[in-house]
Amino acid sequence: MSRIAYVNGQYVRHGDAAVHVEDRGYQFADGVYEVCEVWQGNIVDMPRHLDRLNRSLTELRIDWPMSRAAVEFVLRQVIRRNRVRNGLVYIQVTRGVSRRDHYFPPEDVAPSIVVTARSSNPDAARAQAEQGIAVVSYPENRWPRVDIKTIALLPNVLAKQHAKEQGGKEAWYVDSNGYVTEGGSTNAWIVTKDGAVVTRAAESGILRGITRTVVLELIEKEGLTFEERPFSLEEALEAKEAFVTAASTVVMPVTRVDGRIIGNGHPGTVATRLRELFRTATDLQAV
Ligand code: PLP
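Residues numbered from 1 in each chain as written. Predicted model: local features only at pLDDT ≥ 70, side-chain atom pairs only at ≥ 80, totals over all residues. Heavy atoms only, no water.

An unreviewed UniProt entry lists the protein chain under the name Probable branched-chain-amino-acid aminotransferase, with Roseibium salinum given as the organism. You can read under Sequence similarities (unreviewed entry) in the UniProt record for the protein chain the words "Belongs to the class-IV pyridoxal-phosphate-dependent aminotransferase family." The annotation that UniProt attaches to the protein chain under Function (unreviewed entry) is "Acts on leucine, isoleucine and valine." (UniProt positions renumbered as here; feature names shortened; annotations may be inferred.)

Right under this line is the structure:
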């Protein structure tokens, strides 16, 4: 079965899917995106992802390419046409196609929209979660508006590639004060020796992850001790547990940071429990 992508009003073969050379996403990274998990034939937390898409678009003064209901319809169509039961659906909106010029294009230029979906292997994800991942620290070098989910991901690409070359799966950005901000494509968490779950507040330095929000609700429901504050790389190295969250990885235990073993070197009990409970806390909408 060939894969299908949605590009500006048309469902096309994935291999033929293309945008114009003067699409502002292509030339200026002038666009935003969202990634939703597809789990057992359901879209996970779609309303929250579309709320955040709305926020990103508003911050950059890009119009919706079509109504929110139409976007939901297309997401479902692309998932169905690619027969994805477990995987990810990706949506990207850019400021559209126009003669290359830094200024915003004329009012009549419509935003561009691309939607793709792909399957993932739940068994592989489970195996990874049972083992845990290694993360590698990297100096924070992104612009201050990381609260907007823009497609300008070059710093994230470089950080994650660095992590990979050091044998890690994820990079943890560390700011000039020595505090971990977040991962290259995940939010960062630790569990202290006293059992407090700690993650940085979303007010600055991080993207307010949807998975992060759901996990915060879970933590409250479970009555766990929680601190929303910055934590340093040193504190992370001494922590009982560490983990990362994102739609693409859900809750993923971290067992090594910069080559140093965290806790007993195995996925922690808190991270494992939050991963198990995660589905009970999400909004699931049938595809
Ligand atoms: N932080 C960054 C930089 C990300 O790119 C992502 C996801 O792509 C996240 C955090 C996690 O966000 P979410 O849980 O909404 O997937």
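A.B. asks: What is the right way to read the side chain of Thr 192 from this model?
C.D. replies: As for its position among the elements, Thr 192 is in the loop between strand 10 (187-191) and strand 11 (197-199). Of the residues examined, Thr 192 reaches a relative accessible area of 12% and is grouped as buried. Ignoring sequence-local partners within four residues, the contact set of Thr 192 consists of Val 198, Arg 229, Glu 235 and Lys 240. (Helix = DSSP H or I, 4+ residues; strand = E, 2+ residues; numbered from the N terminus. Buried < 20%, exposed > 50% of the residue type's maximum accessible area, 1.4 Å probe, protein only. Contact = heavy atoms within 4.5 Å.)

A.B. asks: Looking at this model, I keep getting lost on the domain arrangement of the protein chain. Mind explaining?
C.D. replies: By a frequent convention, interface size equals the accessible area lost on bringing the separate parts together. Partitioning the protein chain into domains gives domain 1 (4-120) and domain 2 (125-286). Between the C-alpha centres of domain 1 and domain 2 the distance comes to 26 Å. Residue-level contacts link 29 residues of domain 1 with 25 residues of domain 2. In this assembly, domain 1 packs against domain 2 so that about 2,400 Å² is buried in total across both faces, 57% of it on carbon and sulfur atoms. For domain 1, the biggest contributors to the area lost against domain 2 are Tyr 33, Arg 48 and Arg 52; these three give 27% of the whole. Applying the counting rule to domain 1 against domain 2 returns four salt bridges. Across the pair Glu 37 and Arg 279 runs a salt bridge, and its minimum N-O distance is 2.8 Å. For the pair domain 1 and domain 2, the number of links is 13 residue pairs in polar contact (both at pLDDT 80 or more). Mapped by element, the contributors of at least two residues to the side of domain 1 that touches domain 2 are strand 3 (31-39), strand 4 (42-44), helix 2 (46-60) and strand 5 (87-94). (Domains from an automatic or database assignment. Buried area = accessible area lost by both parts, 1.4 Å probe. Salt bridge = Lys/Arg side-chain N within 4 Å of Asp/Glu carboxyl O. Polar contact = N/O pair within 3.5 Å; in protein donor to acceptor, adjacent residues only side chain to side chain.)

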